[in-house]
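Residue-level listing of the chains:
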Amino acid sequence: MTQDNHNEIDLSLMDEIFTQYRHQAGALIPVLQKAQETYGYLPPDVLQLIARQLKIPLSKVYGVATFYAQFYLERRGRHILRLCDGTACHVKGTPILLTSLEDHFHLQPGETSEDNELTVEIVYCLGSCALAPVAVFDGKVMGRMKQNVLLNTIKKKTDIN
Ligand code: FES
């Protein structure tokens, strides 16, 4: 369940970043990187502030933030679960894994739990089809994933309710 809590964002955290890059041409990407390190993602208010401070059109700031895969415009959880739903993984059971995530944690692909513990993302082929279905939890690849292993991993590694 994605929750937009950008009202709680402390924009003053950007002050130091703007000071650091004040006189630097081409600062947009490093400023976006620092902002994402600070907030975990790039909230709309932060993008607007960056546009104002760097005197760059907001459309250009959005254009860059959406072009690069390293930037996230949605809040993300402390833990990231990626499930592969490419053909091999789909056939071998990813839909069952997705159903159990929904049943146990009320999470669908692209969503972050309300407590901000877990984000679920779908990817399409990780190049490890022989290990289908493949999950990647916080960067660790886990092949031949089963429902109970997935649920136990999430319960053990996160504080999700
Ligand atoms: S389809 Fe999932 S790893 Fe290739």
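All values derive from a computational prediction rather than experimental measurement.

About the cut-offs
Residues numbered from 1 in each chain as written. Predicted model: local features only at pLDDT ≥ 70, side-chain atom pairs only at ≥ 80, totals over all residues. Pairing = 2+ DSSP bridges. Helix = DSSP H or I, 4+ residues; strand = E, 2+ residues; numbered from the N terminus. Axes fitted to C-alpha atoms, helices over the stretch in contact; angles between N-to-C directions. Contact = placed C-beta atoms within 7 Å. Domains from an automatic or database assignment. Left-handed = near helix turned anticlockwise from the far one by under 90°. Nonpolar A, V, L, I, M, F, W, Y, C, P; charged D, E, K, R; others polar.

Caption draft 1: Representation of the sheet that holds strand β1 (residues 79-84) within the structure. Ordered by their spatial adjacency, 4 strands build an open sheet running β2-β1-β3-β4, and the pairing between neighbours is mixed. Every other strand in the sheet has two partners, leaving β2 (118-123) and β4 (140-142) as the edge strands with one partner each. Taken pair by pair, the neighbouring strands of this sheet meet at an average axis angle of 20°, ignoring direction. By the bridge criterion, 3 bridges tie β1 to strand β3 (residues 135-137) in an arrangement that is antiparallel. Directly across from R82, in β3, lies its bridge partner V136. Across the face of the sheet, helix α7 (residues 147-157) comes into contact with β1, β2 and β3 while running at roughly 5° to β3.

Caption draft 2: View of the pairing of β1. Relative to β2, β1 is paired through 6 bridges, and the arrangement is parallel. Paired with C84 across the two strands is V123, which belongs to β2.

Caption draft 3: Fine view of the domain arrangement of the protein chain. One can read the domain layout of the protein chain as domain 1 (6-67) and domain 2 (79-157). Domain 1 and domain 2 are separated by 31 Å when their C-alpha centres are compared.

Caption draft 4: Layout of the packing of helix α2 (residues 28-39) against helix α3 (residues 44-54). Two numbers describe how α2 lies on α3: the axes approach to 11 Å, and their chain directions differ by 145°. Considering the relative orientation of α2 and α3, their crossing is right-handed. Along its contact with α2, which presents L28, V31, L32, A35 and Y39, the element α3 presents V46, I50 and L54. Split by residue class, the contact of α2 with α3 holds 8 nonpolar, no polar and no charged.

Caption draft 5: Local environment of the environment of E74. Mapped onto the fold, E74 is located in the loop between α4 (58-67) and β1. Sequence spacing of E74 and G139 is 65 residues, and the spatial spacing of their C-alpha atoms is 19 Å.

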